[in-house]
Amino acid sequence: MLYGATAEGGANGEGTVFSVPITGGTPAVLASFNDTNEVGGIDLVSGSTLYGTTLSGGTFGGGTVFELSVTAVSWTQPQDGNWSTSSYWSPATVPTSMIDADFNTGFTTPYNVTLTEDSAANNLNVQGDSVELNTAGNTLTVAGELNIGPGSGGTPGTLTIIADNNGNGTVTVANGVNISAGGTLSGNATIMGTVSNAGAVAPGTFTTPGALYIGGNYSQQSPGALNIRINGTVASGNFDSLQVTGSATLAGNLNVTAGGGFVPTSGDSYKILTASSLTGTFDNTSPTIQTTQNNSPSGQSLVSYSNNSATLIWQPLLMLANLSNNVYGGTSGYGGYSYVLGTARNPAFNAQAYSNSDGSQIVIAFQGTVASLENSYTSLQTFKTIAADMSFGGSTANSVLADDVSAAAQFVEAVEDDDTYKGANIILTGHSLGGAIAQIIGEASGLTTAAFNAPGGQAVYNSLQSELEGLTSYNNPGYSNTNYRLYGDQISQFGSPIGTQVTLQDPAYAIFAAGPSSDANCIRDLPIFGMLHSINTVIAQIAANAPAVSTANEPNFASLLQNAIQPSSTSGTLQNIYQFIFNVTNNNPYLVDPNSGSDFLFAVEGGAPLIASVDLPADLNVAEYNLRYETDGIWSPYSIVSTGAVDTFADAEAIEFQPLDSNGDNVTEAGSYFDISFESSGTLSATLTATNVPEPRGILLLFTAPFLLGRSRYCKHLSTLCH
């Protein structure tokens, strides 16, 4: 600390003695002269006494030598006491703007110190003691610093500043509050000044949650923590918060406890911190909430950040997954979130916004693919719907995806521009295609995003910039973009991921047939893949606290599903004849999807790559196949082939196969796809003829892209399967 004197100013306009921190800061007036002017310097003796001289004043008006004590005084009253009672201090001097006030005697019983009037201190030090400072609506002015930390033996130091019943009470600190490791600041009063936290800040009093107000900037370092209690709902107001008028810079941890027998409900959200601007995040972005209720486990939460606030959400994944499900039909909310705004519902695209009870948090959910996934046939049709519509296997979004992203961006803009939701934190979510769209919008806007079983949209992102250009770009300090997927889900392995992927353990029934190596497993395990992709399965796994798992041995048929042969034309009545022109690579399998029939003929045309192998589908009513192949214009005899078995050929120009039941009789196969590979790379020109079709169902062919949306033009023949 530096000390000096002035010739003018002060309470009487005749000069002052002042102090200023050596590191810089606001000077503090230690004394004001009366009818005198300072000359000469100021000397500090023994660290506690200031000496100087004046030009006038004194007994004869000719000047003085003066002495000022800046020694610290320590509190000695172990229980309740009045700050202004000198006998409660040692030595018996009430602190002033030139005397430090120390609480460092190590009493095990907390001090309860009351301000009965406005009071002052030079520096206020709480080290190794627990002090409850009851302002009683008054102001304590600290000319220097407020320091909170441990005592010499490591005993923690705690200062709790309590306002009166009307919320009045202030501690004004000229040179800032410093909380070191082992120190805690708590209370429900107002601190005017900057606060630097390397220890802990715990809003509210020892017995009651509440808000702590900081009239200045707040900085939390990595060793520091913000401790929050949640003892009731948002409506009850029975929770802690930190309210900062200046900027807040975050690091360190957020520690959350639910007490008083209260257990939050999934989706409950609490605005725990506000500031004029916010930078940084807590190091633990998903803090565990410890509950004190018997037999009530702790649970995960999410901190959602905006430019000027941080909101804590209890069990957010369960809430977001349920809202991702609800957007498929109706306007019901979940977990304290209610429907507030939506697009015109149609099978092609739907988005809905949900708000929590106080409007501080908005969740926007996007609709994904709509179809049943409960058996091999409907799983196949749903997969084909996605493949026909989407473009995640490539690097350019097709018109369908571009239209959806454009509509999604416009909806987010509408929510952002609505005065009703100004200042609210926004989270994006969705399942399947809806999740992919949410992640694309999140990437462009910086809004926190949680998707479920979404295909990866990173490769197509750059081709969607014109659709995204109207979005507000947030400087969101806690931006995260995560896709939560189930182990074994095939659709979320399409494309390249945006942000982070977290793979959750699959349910017990998802035991894959023979491991990930055989292409036949893809066909055989379609019902399982369908179950895994369902949002209802995702919800069940999240509710069961399914852990994150490694993907090292996960079945992955994404490349097979994306290497699909598209028909260039289709014709036929009793026969369906498909014409293909497609580029193929040798030894890669390609999926082909005929209509239902009792006889199938696939033939390449002159100069096209020849057939190397075929893997025939496993259908419920098919036990085996009659198969033959053509080489150099000569057909082989028919031979019996098991379902799911891979047959290889040499220079085959065509293959023909007929499904048989367990009695060896020819039956109609439902049209499940088969995969086929070729001996060389090149342009494929081929035909597929499916005969004996009892009732045309329309052609839906293969996978060119990931699993995503329900389009009316592909879903109308599945009307009983669509929501």
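Because the structure is a prediction, the values reported are computed rather than measured.

Student: Help me understand the overall build of the protein chain, please; the structure alone is not making it clear to me.
Tutor: When helices and strands are counted, the protein chain shows eleven helices and 55 strands. In the protein chain, buried positions account for 54% of the 723 residues. Split by element, the accessible area of the protein chain, about 27,500 Å² in all, is 48% carbon and sulfur.

Student: Honestly, the sheet that holds strand β41 (residues 481-486) in this entry has me stumped. Any pointers?
Tutor: Across a sheet, strands are paired by hydrogen bonds formed along the backbone, either parallel or antiparallel in direction. As summarised here, the arrangement of the seven strands in space is β35-β36-β37-β38-β39-β41-β43, forming an open sheet in which the pairing is mixed. In this open sheet, the two edge strands, each paired with only one partner strand, are β35 (338-342) and β43 (500-504). Across the sheet, the axes of successive neighbouring strands diverge by a mean angle of 25°, strand direction being ignored. Docked against the sheet, helix α3 (residues 399-417) engages β35, β36 (351-355), β37 (361-366) and β38 (425-431), running at close to 165° with respect to β37. Against the sheet, helix α4 (residues 433-445) makes contact with β37, β38, β39 (448-452) and β41, and its axis sits at roughly 150° relative to β38, the strand it touches most.

Student: Is there a simple way to explain the sheet that holds strand β2 (residues 16-20) in this structure?
Tutor: Read from one edge to the other, the open sheet built from three strands follows the order β1-β2-β3, with strand pairing classed as antiparallel. Edge positions in the sheet fall to β1 (2-6) and β3 (28-32), since each of these pairs with one other strand and no more. Here the strands of the sheet are splayed against their neighbours by 25° on average, with no regard to which way each runs. Summarising the sheet, β2 and β3 pair through four bridges and their orientation is antiparallel. If you follow Val 17 over to β3, its bridge partner there is Ala 31.

Student: Looking at this structure, how should I read the environment of Gln 575?
Tutor: On the secondary structure map, Gln 575 appears in the loop between β44 (567-571) and β45 (576-584). Residues Gln 575 and Thr 689, spaced 114 residues apart in sequence, show a C-alpha to C-alpha distance of 6.7 Å. The contacts of Gln 575, once residues within four sequence positions are left out, are Thr 689, Ala 690 and Thr 691.

Student: I tried to follow the packing of helix α1 (residues 316-326) against helix α9 (residues 535-543) on my own but got confused; where do I start?
Tutor: Think of two packed helices as two axes; the pair is described by the angle between the axes and how far apart they sit. At their nearest, the axes of α1 and α9 sit 9 Å apart, and the two run at 165° to each other. One way to sum up the angle between α1 and α9 is to call them roughly antiparallel. When you trace α1 past α9, the crossing you get is left-handed. Where α1 abuts α9, its residues Leu 317, Leu 318, Ala 321, Asn 322, Ser 324 and Asn 325 lie against Ile 535, Asn 536, Ile 539, Ile 542 and Ala 543. Of the residues contributing to the contact of α1 with α9, the split by class is seven nonpolar, four polar and no charged.

Student: Would you mind showing me how to read unusual backbone geometry here?
Tutor: The amide bond that connects Ser 90 to the next residue, Pro 91, takes the cis arrangement and shows omega of -10°. Of note in the backbone geometry, Ser 432 takes a positive phi value of approximately 60° without being a glycine. By secondary structure assignment, the location of Ser 432 is in the loop between β38 and α4. One non-glycine residue, Asp 651, adopts positive backbone phi at about 60°. With respect to the secondary-structure elements, Asp 651 resides in strand β52 (residues 646-652). The exposure class assigned to Asp 651 is partly exposed, which follows from its relative accessible area of 40%.

Student: Is there a simple way to think about the nonpolar core in this case?
Tutor: A general tendency of soluble globular proteins is for nonpolar side chains to be buried together. In terms of nonpolar packing, the biggest core is built from 64 residues, with Trp 83, Phe 103, Leu 159, Leu 185 and Leu 273 touching the most fellow members. If we ignore the near neighbours within four places in the chain, the residues touching Phe 103 are Trp 75, Trp 83, Trp 89, Tyr 111, Val 113, Leu 124, Asn 125, Val 126, Gln 127, Asp 129 and Val 131. If you look at the next biggest cluster of nonpolar residues, it comprises 36 residues, including Phe 349, Ala 402, Phe 411 and Ile 441.

Student: Help me out: how do you make sense of the packing of aromatic side chains in this one?
Tutor: A ring pair, where both rings are aromatic, is described by two values, the distance of the centres and the angle of the planes. Per the stated rule, a full pass over the model turns up 17 aromatic pairs. With centroids separated by 5.5 Å and ring planes inclined at 50°, the aromatic side chains of Phe 103 and Tyr 111 adopt a geometry described as tilted. Both residues of the pair, Phe 103 and Tyr 111, count as buried. Each ring, one from Phe 600 and one from Phe 657, has its centre 5.2 Å from the other, and the planes form 25°; the classification is stacked. Of this pair, Phe 600 sits in strand β47 (residues 599-604) while Phe 657 is found in strand β53 (residues 654-660), placing the two residues 57 residues apart along the sequence.

Student: Honestly, α4 in this entry has me stumped. Any pointers?
Tutor: In an α-helix, one full turn covers 3.6 residues, which means residues spaced three or four apart are oriented alike. For α4, with 13 residues, the first-to-last C-alpha span of 18 Å sits near the 18 Å given by 1.5 Å per residue. Three or more residues of α4 are buried, namely Leu 433, Gly 434, Gly 435, Ala 436, Ile 437, Ala 438, Gln 439, Ile 440, Ile 441, Gly 442, Ala 444 and Ser 445. Within two residues after α4, Gly 446 carries a phi angle of roughly 80°, on the positive side.

Student: It is not clear to me how α1 should be interpreted in this structure. Could you clarify?
Tutor: With nine of its eleven residues buried, α1 lies for the most part within the structure. Those residues of α1 not exposed but buried are Pro 316, Leu 318, Met 319, Leu 320, Ala 321, Asn 322, Leu 323, Ser 324 and Asn 326.

Student: I keep staring at the pattern of salt bridges and nothing clicks. Help me out?
Tutor: Close approach of charged atoms allows side chains with opposite charge to pair. For the coordinates displayed, the defined rule picks out three salt bridges. Here Arg 485 makes a salt bridge to Glu 554, at a shortest N to O gap of 2.6 Å. Pair noted here: Arg 485 is in strand β41 and Glu 554 is in the loop between α9 and α10 (558-562), with a separation of 69 residues, a long-range link. Of the two residues, Arg 485 and Glu 554, both sit in the buried class.

Student: Looking at this structure, I do not really get the confidence of the model for the protein chain. What am I missing?
Tutor: The predicted structure's coordinates, where accompanied by low pLDDT, should not be read in detail. Mean pLDDT over the protein chain works out to 81, with 80% of the residues at or above the 70 mark. A low-confidence stretch, residues 292-298 (pLDDT under 50), is modelled with 15 contacts involving residues beyond four sequence positions or located in other chains. For the stretch residues 513-517, pLDDT sits under 50, and the model shows ten contacts to residues farther than four places along the chain or on other chains.

Student: Would you take a moment to explain the pairing of strand β49 (residues 624-631) for this structure?
Tutor: Looking along a regular strand, one sees side chains alternate from face to face of the sheet. Taken together, the four bridges between β49 and strand β51 (residues 639-642) define a ladder with antiparallel strand orientation. If you follow Tyr 625 over to β51, its bridge partner there is Val 641. When β49 meets β53, the two strands line up antiparallel, connected through seven bridges. In the strand pairing of β53, Arg 628 is matched with Glu 656. Relative to strand β50 (residues 634-635), β49 is paired through two bridges, and the arrangement is antiparallel. Within β50, the residue paired with Thr 631 across the bridge is Ile 634. Hairpin remark: β49 followed by β50, antiparallel, with two residues in the connecting loop; positive phi at Asp 632, about 50°.

Reading the values: the criteria
- Residues numbered from 1 in each chain as written.
- Predicted model: local features only at pLDDT ≥ 70, side-chain atom pairs only at ≥ 80, totals over all residues.
- Heavy atoms only, no water.
- Helix = DSSP H or I, 4+ residues; strand = E, 2+ residues; numbered from the N terminus.
- Buried < 20%, exposed > 50% of the residue type's maximum accessible area, 1.4 Å probe, protein only.
- Areas by Shrake-Rupley, 256 points an atom, 1.4 Å probe, with all protein chains shown as cover.
- Pairing = 2+ DSSP bridges.
- Axes fitted to C-alpha atoms, helices over the stretch in contact; angles between N-to-C directions.
- Contact = heavy atoms within 4.5 Å.
- Parallel < 35°, antiparallel > 145°, perpendicular 65-115°, else oblique.
- Left-handed = near helix turned anticlockwise from the far one by under 90°.
- Nonpolar A, V, L, I, M, F, W, Y, C, P; charged D, E, K, R; others polar.
- Core = buried A, V, L, I, M, F, W, Y, C linked by side-chain atoms within 4.5 Å.
- Phe/Tyr/Trp six-rings, centres within 6.5 Å; stacked < 30°, edge-to-face > 60°.
- Expected span 1.5 Å × (residues − 1).
- Salt bridge = Lys/Arg side-chain N within 4 Å of Asp/Glu carboxyl O.
- pLDDT = per-residue confidence, 0-100.

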